[in-house]
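Architecture and fold: a report
Given next are the chains, with one letter for each unit.
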Amino acid sequence: ADQARQADFDAKVAANQRIEPRDWMPEGYRKTLVRQVAQHAHSEIIGMQPEGDWIASAPSLRRKAILLAKVQDEAGHGLYLYAAAETLGIDRAELTERLIEGRQKYSSIFNYPSLTYADVGVIGWLVDGAAICNQVPLCRTSFGPYARAMVRICKEESFHQRQGYELLMRMMEGTEGQRAMVQDAVDRWWWPSLMMFGPPDADSPNTQQSLEWGIKIDTNDALRQKFVDMTVPQADKLGVTLPDSELAWNEQSGQYDFGEPDWNEFKQVVTGSGPRNAERVARRRAAHEKGAWVREAATAYAKKHQNSQEVA
Ligand code: ACO
């Protein structure tokens, strides 16, 4: 019977049909999805912090309204993704525990500090730009709930990316000091943005199997290349320099050649020793603990009204 179910699963994946929560799936497929979707959800939630730091000191009411909306969107993305993970049979409370105990990862990028308001623009342009590059193909990932969450998330990420680019365009029209601030932010975020796509294909233990299962659509290196090709003309138009002396158009390949990110730094950040890892997780843990009374009250309320039609 297992063989028949496996054959059915393989046929669906090969035909680009979606696997739905009630369908049979190999245990490894389920585990890989829980890992990736949870990591993705955690990234959205932790990702609220570097930009959230600037809400109180946004330079104008307009910038504050945009930033507030953007950070709220990230919370929403986290919730869609936790909901997608729950369809795989794992509880969101359990995933949060794994995050605050450091047992599950989130994207390396959010362990870097946001030092000036230009960072808000650069996070939108480069970090959300990289996220879109990675996530648009995931709209076709083989697990239905994850694919559908991605469709909504990508629409919002496109807005985020444009608001970042617009902010930077405005700053580049400003003073010398503002232009220098933008360049400094680009210098700090460029390499970490390239690291978002994960280790080089040769050092990526999960890629091959995830491609076979239709969980991943492209390899890490293919997406990184796509991001570089998409971003270089945008940098030119903006008037900033990307901090890579090896960056050059390659006539033969029809792509940009570029330098190698510092993979030792990547390893350090992923294993918890990045510039802001401890602070990000501590803050998430504190917010979770402070929210305990809300969860308790909601649970008590639901229990009390379980069997009644009463409306409050
Ligand atoms: N930050 C932290 N950990 C990473 C990163 C990263 N940038 N890239 C890879 N890793 C981890 C993987 O999770 C994996 O760890 P694990 O096996 O212990 O779980 C390990 O490094 C090896 O990497 P891969 O074998 O390449 O892992 P995978 O096939 O999962 O590919 C990738 C990594 C590309 C990030 C994939 O999981 C993915 O596409 N995820 C969905 C997108 C996502 O999570 N985006 C979050 C940031 S964007 C945003 O939130 C705005």
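Residues numbered from 1 in each chain as written. Predicted model: local features only at pLDDT ≥ 70, side-chain atom pairs only at ≥ 80, totals over all residues. Heavy atoms only, no water.

An unreviewed UniProt entry annotates the protein chain as 1,2-phenylacetyl-CoA epoxidase subunit A of Nocardiopsis coralli.

1. Observations concerning the environment of leucine 126
Selection rule: Secondary structure elements are defined from DSSP: runs of H or I of at least 4 residues count as helices, runs of E of at least 2 residues count as strands, and each element is numbered from the N terminus. The classification of residues rests on relative accessible area computed with a 1.4 Å probe and restricted to protein chains. Under 20% of the type maximum is buried, over 50% is exposed, and intermediate values are partly exposed. Any two residues whose heavy atoms approach within 4.5 Å are treated as being in contact.
For leucine 126, the location among the structural elements is in helix 6 (residues 117-135). Taking relative accessible area as the criterion, leucine 126 reaches 0% and is therefore assigned buried. Each C-alpha atom of the pair leucine 126 and tyrosine 165 lies 8.8 Å from the other, and the pair is 39 residues apart in sequence. Ignoring sequence-local partners within four residues, the contact set of leucine 126 consists of Trp189, Trp190, Ser193, Phe227 and Thr231.

2. Considerations on helix 1 (residues 2-14)
Quick reminder of the rule: Here a helix's expected span is defined as the number of its residues, less one, multiplied by 1.5 Å.
With 13 residues, helix 1 extends 18 Å from end C-alpha to end C-alpha; this agrees with the ideal 18 Å at 1.5 Å per step. Asparagine 16 occupies a position one or two residues after helix 1 and carries a positive phi of about 60°.

3. Observations regarding the environment of lysine 216
Worth spelling out the cut-off: Think of a polar contact as two N or O atoms within 3.5 Å of one another; within protein, one of them needs to be a possible hydrogen donor and the other a possible acceptor, and neighboring residues in sequence only count if both atoms come from side chains.
Mapped onto the elements of the fold, lysine 216 is located in the loop between helix 9 (207-212) and helix 10 (220-238). The spatial distance from the C-alpha of lysine 216 to the C-alpha of asparagine 134 is 9.5 Å, given a sequence separation of 82 residues. Each residue touching lysine 216, except ones within four places of it in the same chain, is listed here: Gln36, Ser204, Thr207, Ser210 and Leu211. Of the polar contacts made by the side chain of lysine 216, one reaches the side chain of asparagine 220; its length is 2.8 Å.

4. Some points on the packing of helix 6 against helix 10
Spelled out, the test is: Axis definition: a line fit to C-alpha positions, over the contact stretch in the case of helices; interaxial angles, taken between N-to-C directions, run 0 to 180 degrees. Note on convention: near helix rotated counterclockwise from far helix by under a right angle means a left-handed crossing. Clockwise means right-handed. By the convention adopted, Pro, Cys, Tyr, Trp, Phe, Met, Ile, Leu, Val and Ala count as nonpolar, Lys, Arg, Asp and Glu as charged, and the other residues, Gly among them, as polar.
Contact geometry for helix 6 and helix 10: axes closest at 10 Å, N-to-C directions at 145°. Crossing hand, helix 6 versus helix 10: right-handed. Across from Trp125, Leu126, Gly129, Ala130, Cys133 and Asn134 in helix 6, the residues of helix 10 making contact are Leu223, Lys226, Phe227, Met230, Thr231, Gln234, Ala235 and Leu238. Grouping the amino acids of the contact of helix 6 with helix 10 by side-chain chemistry returns nine nonpolar, four polar and one charged.

5. Digging into the packing of aromatic side chains
One pair of aromatic rings is described through two measures. These are the centre distance and the angle between the planes. Applied cut-off: Classification of ring pairs uses Phe, Tyr and Trp, with its six-membered ring standing for Trp, and accepts pairs whose centres are within 6.5 Å; under 30 degrees between planes counts as stacked, over 60 as edge-to-face, and the remaining range as tilted.
As enumerated under the stated definition, the model contains 10 aromatic pairs in all. With 6.2 Å between their ring centres and 85° between their planes, phenylalanine 9 and tryptophan 24 make a pair best called edge-to-face. With phenylalanine 9 in helix 1 and tryptophan 24 in the loop between helix 1 and helix 2 (27-46), this residue pair connects regions lying 15 residues apart in the sequence. Between tryptophan 249 and tyrosine 256, the aromatic rings sit 4.9 Å apart at their centres with planes inclined by 70°, giving edge-to-face as the arrangement. Each member of the aromatic cluster is reached from another via a ring pair, and the members are Phe9, Trp24, Tyr29 and Trp213.

6. Points about the pattern of salt bridges
This is how the line gets drawn: For salt bridges, the criterion is a side-chain nitrogen of Lys or Arg within 4 Å of an Asp or Glu carboxyl oxygen.
Inspection of every chain in the model, using the stated rule, returns 20 salt bridges. Where glutamate 289 meets arginine 285, a salt bridge forms, and the shortest distance between an N and an O atom there is 3.7 Å. Linking glutamate 289 with arginine 285, this pair stays in helix 12 (residues 277-290), spanning four residues, or about one helical turn. What emerges from the salt-bridge pattern is a single network uniting Glu51, Lys70, Glu74 and Asp128.

7. Here we look at the layout of surface pockets
Applied cut-off: Cavity means a closed set of points on a 1 Å grid over the protein atoms alone, one where a 1.4 Å probe fits but cannot get out, pocket means an open set with protein on both sides within 12 Å along at least 5 of 7 lines, and lining means a residue has an atom within 4 Å of a point. Grid points are joined across faces, edges and corners, and a volume is the space filled by probe spheres set on the points.
Of the volumes computed, that of the largest pocket is approximately 1,200 Å³. Surrounding the largest pocket, 49 residues form its lining, Gln39, Ser107, Met196, Phe197 and Gly198 being those nearest its centre. Counting only elements with at least two residues in the lining of the largest pocket, the list comes to helix 2, helix 4 (61-86), helix 6, helix 7 (144-172), helix 10 and helix 11 (263-273). It is helix 6 that contributes the most residues to the lining of the largest pocket, seven residues altogether. Tallied by class, the residues present in the lining of the largest pocket amount to 20 nonpolar, 16 polar and 13 charged. Roughly 330 Å³ of internal volume is contained in the second largest pocket. Lining the second largest pocket we find 15 residues, and of these Ile45, Met48, Gln49, Arg284 and Ala287 sit closest to its centre. Of all elements in the fold, only helix 3 (48-52), helix 4, helix 5 (92-100) and helix 12 reach the threshold of two or more residues within the lining of the second largest pocket. Residue contributions to the lining of the second largest pocket peak at four residues, all from helix 4. Looking at the lining of the second largest pocket, its residues break down into eight nonpolar, three polar and four charged.

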